[in-house]
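What follows is the residue order along each chain.
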Amino acid sequence: MIKIVRSELETVAVSPDRYPLQDMPEIAFVGRSNVGKSSLLNCLTNRKKLARVSGSPGKTRTINFYRINDEFRFIDLPGYGYAKVSKSITADWDKMMAAFFDSRDKLKRVVQLVDIRHEPSKLDIKMYDYLRSYGLDGLVCATKADKISSNVKQKNLAIIRKSLRLNKDDKIIPVSSLKRTGIDEMLSAISDEIYPNDSV
Ligand SMILES: Nc1nc2c(ncn2[C@@H]2O[C@H](COP(=O)(O)OP(=O)(O)OP(=O)(O)O)[C@@H](O)[C@H]2O)c(=O)[nH]1
Ligand SMILES: [Mg+2]
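Please read these numbers as outputs of a predicted model, since none were measured by experiment. (Residues numbered from 1 in each chain as written. Chains lettered and ligands numbered in written order. Predicted model: local features only at pLDDT ≥ 70, side-chain atom pairs only at ≥ 80, totals over all residues. Heavy atoms only, no water.)

**Some thoughts on the pairing of strand β6 (residues 139-143)**
Logical step 1: Most of β6 is tucked away: 5 of the 5 residues are buried.
Logical step 2: The two faces of β6 match: L139, C141 and T143 on one face and V140 and A142 on the other face are all buried.
Logical step 3: Relative to β6, strand β5 (residues 107-115) runs parallel, the two being bridged by 4 bridges. Looking across to β6, one finds that D115 is bridged to T143.
Logical step 4: Handedness of the crossover joining β6 and strand β7 (residues 171-174) through helix α4 (residues 150-163): right-handed. (Buried < 20%, exposed > 50% of the residue type's maximum accessible area, 1.4 Å probe, protein only. Helix = DSSP H or I, 4+ residues; strand = E, 2+ residues; numbered from the N terminus. Pairing = 2+ DSSP bridges. Right-handed = clockwise from strand over helix to strand, strands pointing away.)

**Concerning the sheet that holds β7**
Logical step 1: Taken in spatial order, the 7 strands make up an open sheet running β1-β3-β4-β2-β5-β6-β7, and their pairing is mixed. One side of each edge strand has no neighbouring strand; the edge strands of this open sheet are β1 (7-13) and β7. Each neighbouring strand pair of the sheet contributes to a mean axis angle of 25 degrees, computed without reference to strand direction.
Logical step 2: With 6 bridges connecting them, strand β2 (residues 26-31) and β5 associate as parallel partners. Bridge pairing in β5 places A28 opposite V110.
Logical step 3: Of the strands in this sheet, β2, β4 (72-76), β5, β6 and β7 are in contact with helix α5 (residues 183-194), which crosses β7 at around 150 degrees. (Axes fitted to C-alpha atoms, helices over the stretch in contact; angles between N-to-C directions. Contact = heavy atoms within 4.5 Å.)

**Side note on the environment of G79**
Logical step 1: When you line up the elements, G79 lands in the loop between β4 and α2 (87-103).
Logical step 2: Remark: the alpha-carbon pair of G79 and I27, spanning 52 residues in sequence, is separated by 16 Å.

**A look at the environment of R180**
Logical step 1: On the secondary structure map, R180 appears in the loop between β7 and α5.
Logical step 2: Taking the C-alpha atoms as reference points, R180 and C43, separated by 137 residues in sequence, lie 7.0 Å from one another.
Logical step 3: Aside from chain neighbours lying at most four places away, what touches R180 is C43 and N46.
Logical step 4: One polar contact links the side chain of R180 to the main-chain carbonyl oxygen of C43, over a distance of 3.4 Å. (Polar contact = N/O pair within 3.5 Å; in protein donor to acceptor, adjacent residues only side chain to side chain.)

**Structural notes on unusual backbone geometry**
Logical step 1: The backbone phi angle of N69 is positive, close to 55 degrees, even though this residue is not glycine.
Logical step 2: By the element assignment, N69 lies in the loop between β3 (63-68) and β4.
Logical step 3: Taking relative accessible area as the criterion, N69 reaches 12% and is therefore assigned buried.

**Looking at the packing of aromatic side chains**
Logical step 1: Overall, the coordinates contain 10 aromatic pairs when judged by the stated rule.
Logical step 2: Relative to F74, the ring of F29 lies with its centre 5.2 Å away and its plane at 90 degrees, an arrangement referred to as edge-to-face. Taken together, the residues span a long stretch of sequence, with F29 in strand β2 and F74 in strand β4 at a distance of 45 residues. The two residues F29 and F74 agree in class, both being buried.
Logical step 3: Here the aromatic residues Y19, F65, F100, F101, Y130 and Y134 are joined through ring pairs into a cluster of three or more. (Phe/Tyr/Trp six-rings, centres within 6.5 Å; stacked < 30°, edge-to-face > 60°.)

**Concerning the pairing of β3**
Logical step 1: Taking burial as the measure, the 6 residues of β3 include 6 buried ones, the bulk of the element.
Logical step 2: Both faces of β3 are covered, namely the face carrying I63, F65 and R67 and the face carrying N64, Y66 and I68.
Logical step 3: Taken together, the 6 bridges between β1 and β3 define a ladder with antiparallel strand orientation. Looking at β3, one finds that A13 is bridged to I63.
Logical step 4: Between β3 and β4, which follow one another and run antiparallel, lie 3 residues, and N69 among them has a positive phi close to 55 degrees.

This is the structure in structure tokens:
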């Protein structure tokens, strides 16, 4: 399994002319505003303040490229579904995402984050279908697992699986960035995407 020893914010971009060169494999993270993307990145990299976390949703509005071990990148995508964001910003978001997905050839997988407490929203389902159309689906992270009891957890994971229409082999990993649970499972799944030929 990968061991993250170095991580740095490499580039903050809105449009493709600011994206870094495609010289290493990449894993992106997407989900509604406030679902816990930036918190998960901090947890995975074992850094407290690598990505900015906020109580007010809509914090990450840019595409943030993090360089990990000089080996691969984690990409924090801007959250969707923030109610106070105006229509024009939503249109910009769609354009920003299309430009991103159309151009990153070394993107191995996009981790879809959903809140473990709730049934996926229409936007979550739309986003996941969008990932499916690019063949980048298959890895879901159910966040804030510390907020529910373990018997409700199993039930909710099944609901999420069903509503996103996951295949049998697709992974859904419950994670708590607060309690640091599920982080090793997530790192192991990410390892499999970056180094698919390595066994163990
Ligand atoms: N209890 C609990 N709270 C969490 C967890 N992960 C994130 N949070 C909280 O959820 C809020 C949003 O977290 P962020 O990591 O900033 O969410 P984000 O998806 O990056 O949000 P945007 O950048 O706005 O799209 C913060 O108040 C976090 O402290 C978790 O595992 N458990
Ligand atoms: Mg964020």
